[in-house]
Amino acid sequence: MLPPELQPPPYRPYTSPSFSSPNFNNVYSPKRNPSPSYPNGNTTTNRRSQHNSRFNPTSFAHNARIAVALVPSAAFLLDLGGTPVVAALTLGLMVAYVLDSLNFKSGSFFAVWFTIISAQIVFCFSSSLFTSFNSVILGLLGCCVCGFASFLIGVWASLQFKWIQIEFPTIVLAFERILFACTPVIGSVLFSWATVSAVGMMNASYYYMVFNCVFYWLYSIPRVSSFKMKQEVSYHGGEVPDDSLVLGQLESCLHSLHLLFFPLMFHIVSHSAILFSSASTICDLFLLFFVPFLFLLYASTRGALWWVTKSEHQLRSIRIVNGAVALVIVVVCLEVRVVFHAFARYIQVPWPLNYVLVTVTMLGGAAGAGAYEMNMIADASSSLAFTGLAVFVSAAGAIVVGFPVLFIPLPAVAGFYLARFFTKKNLSSYFAFVVLGSLMVTWFVVHNFWDLNIWMAGMSLKSFCKFIVADVILAMAVPGLALLPLKLHYLTEVGLIGHALLLCHIENRFYTYSGIYYYSFDDEVMYPSYMVVLTTFVGLALVRRLSVDHRIGPKAVWVLTCLYSSKLVMLFITSKAALWASAILLLAVSPPLLLYKDRSRTASKMKPWQGYSHAAVIALSVWFCRETIFEALQWWNGRSPSGGLLLGVCVLLTGLACVPIVALHFSHVMSAKRSLVLVIATGVLFIVMQPPVPSSWTYHSELIKAARQSSDDISIYGFITSKPTWPSWLLMSAILLSLAAVTSIIPIRYIVELRMIFSIAMGIALGVYISAEYFLQATVLHILIVTTTVCTSVFVVFTHLPSASSTKVLPWVFALLVALFPVTYLLEGQVRVKTILADSGVGDLGEEDSKLTALLAVEGARTSLLGLYAAIFMLIALEIKYELASLMREKFNEKGGGGIRHSQSGQSSDSGSSFPKMRFMQQRRASTVPAFTIKRMAAEGAWMPAVGNVATIMCFAICLILNVNLTGGSNRAIFLLAPILLLLNQDSDFVAGFGDKQRYFPVTIVISGYLILTSVYSIWEEIWQGNVGWGMQVGGPNWLFAVKNLALLILTFPSHILFNHFVWSYKKRNDSVPLLTIPLNLPPLLITDVVKLQF
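A brief structural summary. Not measured: the values here are computed from a predicted model.

So, how was this worked out
- Residues numbered from 1 in each chain as written.
- Predicted model: local features only at pLDDT ≥ 70, side-chain atom pairs only at ≥ 80, totals over all residues.
- Heavy atoms only, no water.
- Helix = DSSP H or I, 4+ residues; strand = E, 2+ residues; numbered from the N terminus.
- Buried < 20%, exposed > 50% of the residue type's maximum accessible area, 1.4 Å probe, protein only.
- Contact = heavy atoms within 4.5 Å.
- Areas by Shrake-Rupley, 256 points an atom, 1.4 Å probe, with all protein chains shown as cover.
- Phe/Tyr/Trp six-rings, centres within 6.5 Å; stacked < 30°, edge-to-face > 60°.
- Patch = residues over 30% accessible without salt bridge, like charges linked within 9 Å, V, L, I, M, F, W, Y side chains within 5 Å.
- Salt bridge = Lys/Arg side-chain N within 4 Å of Asp/Glu carboxyl O.
- Expected span 1.5 Å × (residues − 1).
- Core = buried A, V, L, I, M, F, W, Y, C linked by side-chain atoms within 4.5 Å.
- Axes fitted to C-alpha atoms, helices over the stretch in contact; angles between N-to-C directions.
- Parallel < 35°, antiparallel > 145°, perpendicular 65-115°, else oblique.
- Left-handed = near helix turned anticlockwise from the far one by under 90°.
- Nonpolar A, V, L, I, M, F, W, Y, C, P; charged D, E, K, R; others polar.

**Points about the overall build of the protein chain**
Stage number 1. Counting secondary structure elements, the protein chain contains 46 helices and two strands.
Stage number 2. Per-residue burial over the protein chain gives 41% buried out of 1095 residues.
Stage number 3. When contacts within the protein chain are restricted to residue pairs at least 6 apart in sequence, those whose partners lie at least 24 apart make up 73%.
Stage number 4. About 58400 Å² of surface is accessible on the protein chain, with carbon and sulfur atoms providing 68% of the total.

Structure follows, in structure tokens:
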């Protein structure tokens, strides 16, 4: 962090309530809120004003801060719980969303809590905590921690309901306090648990300590409550009342104790067998206590110890005295635990001088840094002491690493310039330090590594040394470049981008190379994965800080964010090109989000040519990254993806990457939205259908060719001939044509000729697809099937968008469609039998095998034809039902609108302001039927109800036949098939007497009639299909069976009649006849031998 004195006043950074640093306006500061003193010694007035902070219902302002801990914790719990927990959460949250959409807020609130409780119960039974820990106590403790984390997630979700804030303000404040009090404790435990699960238990105590420090900084430093009115701060003269803070003194004290003692206690419990086995283990105990203690003292500069005292002088004394003692202990322990343990080979001074010089170097450097941070360098004498300490420490450090004695003044001068930079704020002194420091770093690298003839990660050690030296020099130069005037900030951007590129290159070579193991130990990797994560987040935090301080521009932020974020791809895909491919893809996708942030300015909006340019760059980037996409799909599926899948994913990624462009910058352009929907739909269709794709579309890559043409696969499986999948292109074309027509990309709504071409093309594509996919052997039927689909397409399109003459032609089209049904059905059987017998070479139909084969083939093909025609008639019935309902609605709107205008003619102009809008909407609806008015439809389209009824009845009849063929006449199927009759329309021929009240009567009467007829048929089949012999003549068991079940069937007639009469009339009966018929249903239910009677 740069000292405040080095920041120019006009560009002093705004400190936001971010994760890295707290908001000084929202925290308790001893300077802002000292203990007040009054002449009369009475503090009652101040206390009363502090305890009267008013509640302000608003959105929860700390959502981002809470999400840092609870969102990863929730993801970890889902990973532990597995699919059952995900299913329970998905179902429950869907219910909560539906209730919230229905404006049932309390129901949505309880649904969220019920979902969390249910998911936790499922978690307890589905997770393997007890078997993983191999201990009942640890398993119960783990379940309790996970349950408490779920409770915190529920509390956080409860704060998002505004009605709870209004109705229960006390509970809301308690919820907020619970979140801030418990999240750091539970979050550090779950984060440490997840880290230990990933990397092992070796350094678990240090992981726990680090997460404790992070969450202490996020939640334990005093924050103003999100629900206290901001006017209270100004009311108290800028002082923050104690009751406006989220946490009280007790919670702050417990957090401090948790920070200091819990990592140490965890280490003692988990390493009790080796606590005092060596000096390193003893140093671990001191480090686990005094490092958090130093962190606590530093956090006290942000108000962390406000609960101890409010006197700034006392806090300063606590920081200096305790910090000095803790600093000495930490430095000594780090020497033993880290320096002499891992870097002893680079210390060129003999014992005991090595311990003395290392201690002087580390302790002197730490003391100087601490003194400067505590603002103790304030006068000439302290500046002189600080400069002398820096010179001495630099010279001692150079001697430790073996720097030539003749050149010892060089590091001493570097230390002098560094101290002069901090004391005099002289920027040229810093660059002098950078030059001298670069020389020393170069000497150290050359002296220790240059002569080693070693190859690592596919490059020599000398090349690696060059990259390291260049990266270090850039890292040293960037802080000085950041302090240059604002007009030279491009130098800072160039330095940061160069440093990020070098870091990405080095990490990519070391992490993704296959032979990067340390010597011969295969289990110890030179560059572990946690270093990739650490450098990524440190880089992103640095970029954010410099952006907030206005040290770098938005373009540099864009480039650096993409470079650092792309490094995370290495954790999942080990390809050498994955990092650069993902970086290019992010650079192409992210400009709408990172470069055009300020929506309030017109300049931040894209121009059309910029939108086209960004879309083209995105498409090219996705195509350039096809190998990375291929490897990602291969990693996900466990096998090489097909060409259609690869192309579909590329198209889908292109469409999704263009969503920010359209949503943020061209939301008012309907053509852009429609094109985007079409591109995304194309990608989804490619993924789902995976049509055959020419190799030139997806290959042009040796990697993909090698994966597709593996010699092992050929030697094992040979050359496999797959089923032709080219018909899927026809189905995709039909779907895309329909989508283009619906989104008005193809203007069939206004051009009749184009409408005709569209309907014929749709019919041909679907007909050829159906013929090639399901009726490939019956070649003669292809013409009939294509004709059927063309007639269907023409009928549906022109019924939905009629023309001037379509109403005269469409009945004949439907008649042709009905006539094609029996012809195709009968002809299919004849053609299929001849084809099968001709292929088998058998001309005699008397052979049993040939007959059976032919009959089975004919039966299967005819079943497919029945399904096709059932779907066609269902589509026609639905379309006619929709159009008739639309006509009725239009007619009602016309009558209603006229009545309203007539009744409101004497009203004021304000009350009639809505009528121009109503007339405009009516004109807009009428314009969708060009050259064809509603009245003309009523006159010339009177055939529609009759055609719809015919289509409905034929669809229902075909479905009954399919039920008999596929299920053997299931009695339950009628309850699913009978609702088809709801598509019947009131006409003048078939159902003239049916009104709106009787729309359910056909359904119920058909169900009753079907059950009665099938019951009679079951009785008849049971009697006459068997060997009855003398039974029916002299009163045997079959005769008794028939009489009994027929009598039971007759007993059900009154209930059927009464129920259907009620559905017809919808009139309430005042007599007790329905109650008297209820006992008649008990005998059929209990003693019948026919199952259908029980329905």
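**Focus on the packing of aromatic side chains**
Stage number 1. On inspection of all chains with the given rule, the structure shows 34 aromatic pairs.
Stage number 2. Between the aromatic rings of phenylalanine 286 and phenylalanine 290, the centroid separation amounts to 6.3 Å while the plane-to-plane angle is 20°, which identifies the pairing as stacked. Here phenylalanine 290 and phenylalanine 286 lie together in helix 12 (residues 279-299), a separation of four residues that amounts to about one turn.
Stage number 3. One aromatic cluster in this structure is built from Tyr372, Phe386, Phe421, Phe422, Tyr430, Phe431 and Phe433.

**What about a nonpolar patch on the surface?**
Stage number 1. Together, Leu250, Leu254, Leu257, Phe261, Phe262 and Met265 make up an exposed nonpolar region whose accessible area comes to about 570 Å².
Stage number 2. Mapping leucine 250 onto the fold places it in helix 11 (residues 249-270).

**What to know about helix 22 (residues 578-589)**
Stage number 1. Look at helix 22: 16 Å from first C-alpha to last across 12 residues, which is about the 16 Å you get at 1.5 Å a residue.
Stage number 2. Those residues of helix 22 not exposed but buried are Ala578, Leu579, Ala581, Ser582, Ala583 and Ala588.
Stage number 3. Tucked inside the fold, the buried residues of helix 22 contact helix 19 (489-512), helix 21 (554-566), helix 23 (591-594), helix 24 (608-624) and helix 25 (626-637).

**Some details on the nonpolar core**
Stage number 1. Grouped together as the largest cluster of nonpolar side chains are 60 residues, with contacts concentrated most on Phe795, Phe814, Tyr869, Phe873, Ile876, Ile880 and Ile958.
Stage number 2. In contact with phenylalanine 873, other than residues within four places in its own chain, are Phe814, Val818, Ala951, Met954, Cys955 and Ile958.
Stage number 3. Among the nonpolar cores identified, the runner-up in size contains 44 residues, and Phe60, Ile116, Ala119 and Val172 belong to it.

**Structural notes on the packing of helix 18 (residues 461-482) against helix 19**
Stage number 1. Where helix 18 meets helix 19, the closest approach of the two axes is 9 Å, and the angle between their N-to-C directions is 150°. Judged by the angle between their axes, helix 18 and helix 19 are roughly antiparallel. The handedness of the crossing between helix 18 and helix 19 is left-handed. Listed contacts from helix 19 to Phe464, Phe467, Ile468, Ala470, Asp471, Leu474, Ala475, Val478, Leu481 and Ala482 of helix 18 are Leu491, Thr492, Gly495, Leu496, Gly498, His499, Leu502, Leu503, His505, Ile506 and Phe510.
Stage number 2. Of the residues assigned to the contact of helix 18 with helix 19, the class counts are 15 nonpolar, five polar and one charged.

**Here's the deal with the pattern of salt bridges**
Stage number 1. If you walk through the whole model with that rule in mind, you get six salt bridges.
Stage number 2. For the salt bridge of lysine 105 with aspartate 100, the shortest nitrogen-to-oxygen distance reads 3.2 Å.
Stage number 3. A residue is classified by how much of its surface remains accessible, and aspartate 100, at 32% relative accessible area, is partly exposed.
Stage number 4. Between arginine 319 and glutamate 312 there is a salt bridge whose closest N-O contact spans 3.1 Å.
Stage number 5. On the basis of relative accessibility, which here comes to 8%, the residue arginine 319 falls in the buried class.

**Brief notes about unusual backbone geometry**
Stage number 1. A positive phi angle is found at lysine 425, which is not glycine, with a value near 60°.
Stage number 2. Note on lysine 425: relative accessible area 32%, which makes it partly exposed.
Stage number 3. Phi angles above zero are rare outside glycine, and histidine 550 is one such case at about 60°.
Stage number 4. As for its position among the elements, histidine 550 is in the loop between helix 20 (529-548) and helix 21.
Stage number 5. Here histidine 550 falls in the exposed class, since its relative accessible area comes to 51%.

**Describing the side chain of serine 73**
Stage number 1. Considering the arrangement of structural elements, one finds serine 73 in helix 2 (residues 63-81).
Stage number 2. Overall, the relative accessible area of 2% leaves serine 73 in the buried class.
Stage number 3. Not counting the four nearest positions on each side in its chain, serine 73 is found in contact with Gly187, Leu190 and Phe191.

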